[in-house]
Amino acid sequence: MAYVAPAEAEQIPAAEVEEVELYHAKSWVTKYVFSQDAKVIAIQYSTTAIAIGLVGLVLSWLMRLQLGFPEVFDFIEPSDYYQFITVHGMIMVIYLLTALFLGGFGNYLIPLMVGARDMVFPYVNMLSYWIYLGAVLLLITSFFVPGGATGAGWTLYPPQAILSGTPGSEGGIILMLVSLALFIIGFTMGGLNYVVTVLQARTRGMTLMRLPLTIWGIFTATVLALLAFPALFVGAVMMTFDKLLGTSFFMPAIVEMGEYLDYGGGSPLLFQHLFWFFGHPEVYIVALPAFGIVSDLISVHSRRHIFGYRMMVWAIVGIGALSFFVWAHHMYVSGMNPWFGFFFATTTLIIAVPTAIKVYNWTLTLWKGNIQFTLPMLFALAFIVTFVNGGITGLFLGNVVVDVPLSDTMFVVAHFHMVMGVAPILVVFGGIYHWYPLITGRMLHEGMGQFHFWVTFIGAYTIFLPLHYLGFLGVPRRYFEMGETNFIPESAQDLNAFVTVVALIVGVAQVVFFINLFWSLRNGKQAGSNPWKACSLEWRTAQVPPGHGNFDDLPVVYRWAYDYGVPGVDEDFIPQDLPPAQVSTGKGG
Amino acid sequence: MFVPIMLLLVGLGTVVFHFISPWWWTPIASNWGYIDDTIILTFWVTGVVFVGVILFMAYCTYRYRYKEGKKAEYEPENPKLEWWLTILTSIGVALMLAPGLWVWNDFVTVPEEAGEFEVLAKQWEWTYRFPGKDGKLGTSEPKYMNDKNPFGINPKDNNGRDDILIDDSEVHLPINKPVKVLLRSTDVLHDFYVPQFRAKMDIVPGSVTFFWFTPTKIGEFDALCFELCGVGHHAMRGTVVVDSEKDFQAWLNEQPTFAQSLAEADGDSEKNSNRVFSEASSPDRGIAQ
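Criteria and cut-off values
Residues numbered from 1 in each chain as written. Chains lettered and ligands numbered in written order. Predicted model: local features only at pLDDT ≥ 70, side-chain atom pairs only at ≥ 80, totals over all residues. Helix = DSSP H or I, 4+ residues; strand = E, 2+ residues; numbered from the N terminus. Rg over C-alpha atoms; globule rule 2.2 N^0.38 Å. Buried ≥ 20, exposed ≤ 12 C-beta atoms within 10 Å, placed from the backbone. Contact = placed C-beta atoms within 7 Å. Domains from an automatic or database assignment. Nonpolar A, V, L, I, M, F, W, Y, C, P; charged D, E, K, R; others polar. Pairing = 2+ DSSP bridges. Axes fitted to C-alpha atoms, helices over the stretch in contact; angles between N-to-C directions. Parallel < 35°, antiparallel > 145°, perpendicular 65-115°, else oblique. Left-handed = near helix turned anticlockwise from the far one by under 90°. Expected span 1.5 Å × (residues − 1). Bend = angle between axes of the 7 residues up to and from the residue.

Draft legend 1. Main features of the overall build of chain B. Secondary structure assignment for chain B yields six helices and 10 strands. Here the C-alpha radius of gyration of chain B, 27 Å, is well above what a compact globule of 289 residues would show, namely 19 Å. Here the C-alpha coordinates of chain B stretch approximately 95 × 45 × 35 Å along the principal axes. Going through the 289 residues of chain B one by one, you find that 40% of them count as buried. Sequence separation of 24 or more characterises 71% of the internal contacts of chain B that already satisfy a separation of 6 or more.

Written out as structure tokens, the structure reads:
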């Protein structure tokens, strides 16, 4: 198949609306602090998310110290331990991953990749970040109020979340709920921006089916988030009422420690339904941007088009839609009507099909490619390994009857860390190594990157693979200490100690990553304008790093984002905005 | 060369670890062997896919590693291949789902001959109740709970008078008799689980949940709380002793009935019995019976 230029007859439609003048910052404060430039907001979002993520990482060390060496660290009381697991989970899922993928990557990449000068509502976009920052600060504050942060588990199940047997049931839970509500308000402001920008601000020629998969992933995830977060918002408001006003949305008649409480008639299961109606799409809110980004990393660095682009798009959309019909697979043993199990097991296993297609197409993109083992590619390969591993264990837990013995064991902990902890974080790293040259104009240091990659990938895999097997033994999750049992062998404790040591090593290795980020700012190799020879528009800006307004003239798009290795063309890639007439096909001239 | 080799090592290492892992199922002691079988089947189906994908990646990263001046092959779509993969995957999924649902049907269908007993959970201890000679448990509600009546049994319900109360964390069950475990909580969520029995269910205040199983081995088993229930969650332990029918009956006969324990408590003063409760509790809802 030789190169065929897009038909000359194909008309790129004229712009439908006049360009609107951008907001231009007048001072340092409006340029870098209360900024309305999506790229600055992206950096703000990312920095805050990573900072709070480091708090989550430290909390995980404290947890692992307790699990690996029980009774050694006296300062960790059971109530502390339950607060650590709760806030760790909340931070990682919502304040780190959701904020980083959508607020960070979304803000930076959406306008650049669709060929827009900025988000469509820059002022609201700015508010989104500051409200998010408020939510993060409130979450941190909850550690310092009387009683401390909530220890109800990140799922915050009532009644225990607001009763006295749970740590942080005085102030901590209220601050947690208010922080979540704030997060959702802030996210909604950002989310509307992402959706409307993708739908309305694409440049001429950028049809939906020419969008890079990164944008498809972020766009679909944002739609999911806009539909799913309200369920959590409502749940948070109702629980706040139960706690503060004495309503009984989630509270049945209760005798607590011998005392009859002033509640009655509410349903604890109602909260679980609301929570997981949000909670399951949330998994894909984190996963879909990772799917999108990793597709682009694999394609660029194997110098080959993504395989089966249309199927990939429909898989993203299909997974997104299906994700609203599977939530109760988190509740198979919750005491809900067990007949629901038939429905939710079926929908859950069906979702495996489009997910598997994505995995096949990533590997088929490698197939017959010209694979460069750059750092982004290494992280992408590691993502496939961990995602396949974690996705497969999802088939265990989704198949209702298999879930019965495994639910609430370490198997579940291992599963969700592999599939929505390790795998997306590897994509975050891959994305940072890939776009750092665009953001800063310099490359990250290769040696430090290689060290960071191998320790992180092999280490994280070594941490979570064996934990599944503790779940088979019947080791429960959310246990301060295992204590005496007659079914858990001593060796399980040795494994826990081993895992703790590896977790500390992997954690400390991240220091190298941060040194690299700062060191390369000044000392990294100059990146030039398109160091990876990528086709998509973010590399086609007037300057690197892109300035205010991104482009001189808005680019016009003539093709999809994956024209790598087109037969009959001199270069092995054709940028999306290169006019067909300028594609050189003459073999050396 | 390094990357394909590492991928191979990770893939094979995972498989080797699976087969030599000293950590595996706690030996089963109930009728739910089908659950274990479904898991083994799932391991085979998913294991083949896992190994296949990793091997294919290792092959691609070796065979198609970067060479200067080479170009990747241009073939954006291959509908035939994509459809075949979709169909094969769907078959694999059906292969796991069908037996899973079939076993689930067993799990949710309690045999008619099953006996009954109740697990009553509160922070952070287990107690138990067996129906008396009438074979029926008396109704219960939180509002009836007081020092004399820790189980909250309706004193006016005649079915409850002969209920046998086990105010202790240890319970006995007869071997080889299917039993429906009724689960009740007075405060927060709990979950009653003996890993050897493979069956569990959350306990939800305000409703009665259940599961069933048949103990198949005589012995003493640890019961743990498997749903986070507050700061004492990890210390909420019980014991299930599976006895021969004869030993079980001997044990059961030694336990007091509700009527007996009331009579005993009446020997004490009545000062605790007039605690005022503010309002009626919710009706039992959900899936019981």
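Draft legend 2. Quick peek at the overall build of chain A. On a plain count of helices and strands, chain A comes out with 15 helices and two strands. Taking 589 residues into account, the globule formula puts the C-alpha radius of gyration at 25 Å, and chain A, at 25 Å, falls close to it. Principal-axis analysis of the C-alpha atoms gives chain A an extent of 85 × 50 × 50 Å. Burial statistics for chain A: of 589 residues in total, 62% are counted as buried. Residue pairs at least 24 apart in sequence account for 80% of intrachain contacts in chain A once pairs closer than 6 positions are excluded.

Draft legend 3. Fine view of the domain arrangement of chain A. All names here are of chain A. What the domain assignment lists for chain A is domain 1 (31–250), domain 2 (299–526) and domain 3 (527–589). Between the C-alpha centres of domain 2 and domain 3 the distance comes to 32 Å. Of all elements in the fold, only α7 (268–301) and α13 (410–440) reach the threshold of two or more residues within the side of domain 2 that touches domain 3. With five residues, α13 is the largest single contributor of residues to the side of domain 2 that touches domain 3. Of the residues belonging to the side of domain 2 that touches domain 3, the class tally is seven nonpolar, seven polar and four charged.

Draft legend 4. The interface of chain B and chain A, seen in detail. Taken together, the contact between chain B and chain A spans 88 residues of the former and 98 residues of the latter. Among the elements of the structure, α1 (2–20), α2 (33–63), α3 (79–108), β7 (200–203) and β9 (219–225) of chain B are those that each provide at least two residues to the side of chain B that touches chain A. Broken down by element, the side of chain B that touches chain A gets its largest block of residues, 14 residues, from α3 of chain B. Each residue belonging to the side of chain B that touches chain A can be placed in one class, and the counts come to 48 nonpolar, 24 polar and 16 charged.

Draft legend 5. View of the domain arrangement of chain B. All names here are of chain B. Taken domain by domain, chain B holds domain 1 (2–66 + 77–108) and domain 2 (115–266). Relative placement of domain 1 and domain 2: their C-alpha centres are 39 Å apart. Taken residue by residue, the interface counts eight residues in domain 1 and 12 residues in domain 2. Looking at the side of domain 1 that touches domain 2, its residues break down into five nonpolar, three polar and no charged.

Draft legend 6. View of the environment of G152 of chain B. All names here are of chain B. Position of G152 relative to the elements: it lies in the loop between β2 (125–130) and α4 (158–161). Given 20 C-beta atoms within 10 Å, G152 falls into the buried group. In this structure, the C-alpha to C-alpha distance between G152 and V242, residues 90 residues apart in sequence, is 27 Å.

Draft legend 7. Looking closely at the pairing of strand β8 (residues 209–213) of chain B. All names here are of chain B. Judged by how many residues are buried, β8 sits mostly within the fold: five of five residues are covered. Across the two faces of β8 the burial is the same, with T209, F211 and F213 and F210 and W212 all buried. Sheet topology places strand β5 (residues 179–185) next to β8; five bridges connect them, and they run antiparallel. Bridge assignment links L182 to a residue of β8, and that residue is F210.

Draft legend 8. Region of the structure containing the packing of helix α10 (residues 352–366) of chain A against α2 of chain B. Direction vectors running N to C along α10 of chain A and α2 of chain B enclose 20 degrees, while the axes themselves pass 9 Å from each other. Between α10 of chain A and α2 of chain B, the interaxial angle falls into the category roughly parallel. Our pair here, α10 of chain A against α2 of chain B, has a crossing hand that is left-handed. Across the interface between the two elements, V359, T363 and L366 of chain A from α10 of chain A touch V53, F56, M57, C60 and T61 of chain B from α2 of chain B.

Draft legend 9. The arrangement of unusual backbone geometry in detail. Note the cis peptide between V544 of chain A and P545 of chain A, where omega equals -5 degrees. Backbone geometry places D408 of chain A, a non-glycine residue, at a positive phi of 60 degrees. Given 24 C-beta atoms within 10 Å, D408 of chain A falls into the buried group. The backbone phi angle of R198 of chain B is positive, close to 70 degrees, even though this residue is not glycine.

Draft legend 10. Focus on α7 of chain A. All names here are of chain A. A rise of 1.5 Å per residue sets the reference length of α7, with its 34 residues, at 50 Å; its end C-alpha atoms lie 49 Å apart and thus fit the reference within 8%. The largest bend in α7 comes to about 25 degrees, at W276. Burial analysis of α7 places 31 of its 34 residues in the buried class, the great majority of the element. Positioned one or two residues after α7, R303 has a phi angle of 55 degrees, which is positive.

Draft legend 11. Geometry of helix α6 (residues 213–244) of chain A. Residues and elements named next belong to chain A. In a regular helix each residue adds 1.5 Å, so 32 residues correspond to 46 Å; α6 covers 45 Å between its end C-alpha atoms and thus fits that length. Along α6, the helix axis deviates most sharply at L226, where the bend reaches about 30 degrees; the proline P230 sits within four residues downstream. In terms of residue burial, α6 counts as a mostly covered element, since 23 of its 32 residues are buried. Trailing α6 by a residue or two, G246 shows a phi angle of about 75 degrees, which is positive.

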